[in-house]
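If you want the building blocks of each chain, they are given just below.
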Amino acid sequence: MKTLIICLLLFAVPLFAYEGDFFYGFSAGAGSGEMRNNAFHVFDDYSRDPQLYPAEQGYSIQLQLGYVLLHDFRPGLVIDSWSRTGTFDFDHLVITPVATWFPGQNNFYIRPGAGISFTGVDYLERGDWHRKRDFGSAVSCAVGYVFKFEGMEIGPQIYYSGSVGKDLEVWASHYSLMVEINWAR
């Protein structure tokens, strides 16, 4: 009997929201990120190689909002921030318009997006350390599975984001394993 109930929950008719509903939510989790910058090139020190920082563990928080356009398609906006462990400064902030698609009209989804990013960079300039934000373009992708209830959904999500900055020529990326919670209105 328990197996039957679990199977029904996993492939239940989605009850979360109906076409025309708005939704909002958040996700939180942990993951890893890394950065590479070419600040030496920007400051005309061509004898130095770009800095590649090692992958670091960190925390990720997302805010999302959107609209249920079709039963299995939701356009929306995701604001994602990633911070290295031990700091409370957002090292990587990504704002992306996204399209969430539920293939086969089940509870599994794919959420690609493209937008803008802000990356915090520490760099050495003529013997002094500086911190600057670099602005650039970003791509994101999430895959997940949600359990849908009336007016609410919750489930695991794997999220990836990559970006390229323009001022300091920063390449940054992070991935996180998160728990997502959404509400319909």
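The structure under discussion appears in the preceding block.
Keep in mind the model is a prediction, meaning the values are calculated, not measured.

Participant: What is the right way to read the overall build of the protein from this model?
Facilitator: Each helix and strand in the protein was counted, giving two helices and 10 strands. Ordered by position from the N terminus, the helices and strands of the protein form the series α-β-α-β-β-β-β-β-β-β-β-β. In the protein, of all internal contacts separated by at least 6 residues, the share reaching a separation of at least 24 is 61%. As presented, the protein carries roughly 10,000 Å² of accessible surface, and 68% of it is formed by carbon and sulfur atoms.

Participant: What exactly am I supposed to notice about the packing of aromatic side chains here?
Facilitator: Aromatic ring pairs: the centre-centre distance and the angle between the two ring planes describe each pair. On inspection of all chains with the given rule, the structure shows six aromatic pairs. Measuring from ring centre to ring centre gives 5.5 Å for Tyr-145 and Phe-147, while their planes differ by 70°; the resulting arrangement is edge-to-face. The aromatic ring of Phe-23 is capped on one face by Arg-74, whose charged end is 5.2 Å from the ring centroid.

Participant: Teacher, can you tell me more about the pairing of strand β9 (residues 152-165) here?
Facilitator: Along any regular strand the residues' side chains alternate between the sheet's two faces. Relative to β9, strand β8 (residues 147-149) runs antiparallel, the two sharing three bridges. Directly across from Lys-148, in β9, lies its bridge partner Glu-153. Linking β8 to β9, which pair antiparallel, is a turn of two residues; within it Gly-151 sits at a positive phi near 80°. Alignment of β9 against strand β10 (residues 171-184), held across 13 bridges, turns out to be antiparallel. Across the sheet, the residue bridging to Tyr-160 is Tyr-175, located in β10.

Participant: For this particular structure, what's the right way to read the side chain of Arg-74?
Facilitator: Position of Arg-74 among the secondary structure elements: in strand β4 (residues 73-84). At 2.9 Å, the side chain of Arg-74 forms a polar contact with the side chain of Glu-153.

Participant: What is the right way to read the environment of Arg-133 from this model?
Facilitator: On the secondary structure map, Arg-133 appears in strand β7 (residues 128-145). Taking relative accessible area as the criterion, Arg-133 reaches 39% and is therefore assigned partly exposed. Separated by 15 residues in sequence, Arg-133 and Phe-118 place their C-alpha atoms 6.1 Å apart.

Participant: Please clarify how the nonpolar core should be interpreted in this entry.
Facilitator: By size, the foremost hydrophobic cluster in this structure holds five residues: Val-94, Ala-138, Ala-142, Tyr-159 and Met-178. What Met-178 contacts, discounting residues up to four positions off in sequence, is Ser-27, Ala-28, Gly-29, Ser-60, Ile-61, Gln-62, Asp-80, Gly-155, Pro-156, Gln-157 and Tyr-159.

Participant: Mind showing me how you'd approach the pairing of β4 here?
Facilitator: Sheet analysis places strand β3 (residues 56-67) next to β4, joined by nine bridges and oriented antiparallel. The residue bridging Leu-65 from the neighbouring strand is Leu-77, located in β4. Remark: five residues form the turn of the hairpin made by β3 and β4, two consecutive strands paired antiparallel. When β4 meets strand β5 (residues 92-101), the two strands line up antiparallel, connected through 10 bridges. Looking at β5, one finds that Val-78 is bridged to Thr-96.

Scoring rules and cut-offs
Residues numbered from 1 in each chain as written. Predicted model: local features only at pLDDT ≥ 70, side-chain atom pairs only at ≥ 80, totals over all residues. Heavy atoms only, no water. Helix = DSSP H or I, 4+ residues; strand = E, 2+ residues; numbered from the N terminus. Contact = heavy atoms within 4.5 Å. Areas by Shrake-Rupley, 256 points an atom, 1.4 Å probe, with all protein chains shown as cover. Phe/Tyr/Trp six-rings, centres within 6.5 Å; stacked < 30°, edge-to-face > 60°. Lys NZ or Arg CZ within 6 Å of the ring centre and 35° of its normal. Pairing = 2+ DSSP bridges. Polar contact = N/O pair within 3.5 Å; in protein donor to acceptor, adjacent residues only side chain to side chain. Buried < 20%, exposed > 50% of the residue type's maximum accessible area, 1.4 Å probe, protein only. Core = buried A, V, L, I, M, F, W, Y, C linked by side-chain atoms within 4.5 Å.

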